[in-house]
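Results of the structural survey
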Amino acid sequence: MKPLFKIPFTYCLLLIALLFTMESCKQSPKENEDNMVMNDDNDLNNRHARPVSDDFQAYWYAGDAEVTSYKLEQARYGEIRKGHSVLIYVTEPFLNEAQVKADEHHSDNIPVLKLNTTKKFETGIYPYSIMTSSFYGVRDDQHAIKLSLSVQEWCGHVYTQLNNRETFEIDSYSYFEKDGDQRVELQKSALEDEIWNKIRINPEELPVGSFKMLPSLEYIRLSHLPYKTYDAVANVTTDGALTTYELSYPELERTLKISFKSAFPYLIEKWDESAKSGFGPSAKMLTSSAVRMKTLKTPYWRQNGNKDVFLRDSLGL
């Protein structure tokens, strides 16, 4: 049987070359894993005036995340609960428009220092699990690009996301009738949740004095407060190897103190948060606290086998 049509030999060669080129452009699984932490921008300082130090690049672009565990005492319902917290810092390429992690190289990717903060503690018979994520540009030239919060406990769960666009766009979902599903827009201001990133990038640029600030998403949700800014007062003090950033909200009767090493990479050693705990007339001032236990520099996303469970012991978890 004769073929219905013939493809010229030259076209065949061109087709094979095109397929080979397309295949060679694909990232291997290993390259995709490395892209989780390695910036795909060849020059971190090529688009903004504020430089990124050599020390920062050497520490944060070595292919690892920084995972630090803390012994936690958390105030909830007027009592102190024992638990643990973990801060996971890692650099990532970020899509500015979609505001998600970039899977591939794009010319407009923004390198960010991401922080995932987890807290786990128990309230009587049932557990709490809290996670806050903050995506902050390593050039330290704007507010956090994105924040998110999730809280899970046996009553239900809540989720909040803030996107930094023309304004702060906040979407919040809750099982409580009072909170419900909300969409709020706020004028841009300082964000408490970005402070933890700024400390690790350039603590000299921390906001001090009097200003307006949006409290942490965690505090707003656990206290059932509206999304709004409050008057804040902050100062920085240094005592030898340790520097403390103290942030107070007079109207909320709340104070946060974050203590970190005075020298790069400004490792966070501990924090204290004093505020009213509980609701109604039974509410009282209590202080939540966290003290560093262990720190690992490690590519945790590859360590997901049963053979890697021992690493949790290394963190005291």
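This write-up is about the structure you can find in this document. (Residues numbered from 1 in each chain as written. Predicted model: local features only at pLDDT ≥ 70, side-chain atom pairs only at ≥ 80, totals over all residues. Heavy atoms only, no water.)

**Focus on unusual backbone geometry**
The omega torsion across Phe 264 and Pro 265 is 10 degrees, close enough to zero to call that bond cis. Assignment of secondary structure puts Pro 265 in the loop between strand 14 (254-261) and strand 15 (268-277). One non-glycine residue with positive phi stands out, namely His 224, at about 55 degrees. Position of His 224 relative to the elements: it lies in the loop between helix 5 (217-223) and strand 12 (230-239). With a relative accessible area of 17%, His 224 lands in the buried category. With a phi angle near 60 degrees, Tyr 266 is a residue other than glycine that sits in the positive phi range. Tracing the backbone shows Tyr 266 in the loop between strand 14 and strand 15. Assessed through its relative accessible area of 17%, Tyr 266 is described here as buried. (Helix = DSSP H or I, 4+ residues; strand = E, 2+ residues; numbered from the N terminus. Buried < 20%, exposed > 50% of the residue type's maximum accessible area, 1.4 Å probe, protein only.)

**As for the pairing of strand 14**
When strand 13 (residues 242-249) meets strand 14, the two strands line up antiparallel, connected through eight bridges. Bridged to Thr 243 within strand 14 is Phe 260. The hairpin turn running from strand 13 into strand 14, its antiparallel successor, is four residues long, and Glu 253 in that turn takes a positive phi close to 55 degrees. Two strands pair when backbone bridges link them, and strand 14 and strand 15 are joined in this way by six bridges, in the antiparallel orientation. Paired with Ser 259 across the two strands is Lys 270, which belongs to strand 15. Connecting the antiparallel pair strand 14 and strand 15 is a turn made up of six residues, with Tyr 266 showing a positive phi of about 60 degrees. (Pairing = 2+ DSSP bridges.)

**As for the layout of surface pockets**
For the largest pocket, the calculated volume is near 590 Å³. Residue lining of the largest pocket: 33 residues in total, with Glu 218, Tyr 219, Ser 223, Arg 254 and Glu 273 positioned closest to the centre. Mapped onto the lining of the largest pocket, the elements with two or more residues apiece are strand 1 (65-76), strand 4 (110-123), strand 5 (126-137), helix 4 (192-201), helix 5, strand 14, strand 15 and strand 16 (284-298). Residue contributions to the lining of the largest pocket peak at five residues, all from strand 15. (1 Å grid on protein atoms, 1.4 Å probe; cavity = no way out; pocket = protein on both sides within 12 Å on 5 of 7 lines; lining within 4 Å. Points joined across faces, edges and corners; volume = space filled by probe spheres on them.)

**Concerning the pattern of salt bridges**
Evaluated as defined, the whole model comprises 17 salt bridges. The residue Arg 221 makes a salt bridge to Asp 179 at a minimum N-O spacing of 3.1 Å. Of this pair, Arg 221 sits in helix 5 while Asp 179 sits in the loop between strand 8 (168-173) and strand 9 (182-186), and the two are 42 residues apart along the sequence. Overall, the relative accessible area of 6% leaves Asp 179 in the buried class. A salt bridge links Lys 212 to Asp 231; the shortest N-O distance between them is 2.9 Å. Separated by 19 residues along the polypeptide, Lys 212 in strand 11 (residues 209-214) and Asp 231 in strand 12 bring together distant segments of the chain. Given a relative accessible area of 45%, Asp 231 falls into the partly exposed group. Residues joined in a network through salt bridges with shared partners are Arg 165, Glu 169, Asp 171 and Arg 183. (Salt bridge = Lys/Arg side-chain N within 4 Å of Asp/Glu carboxyl O.)

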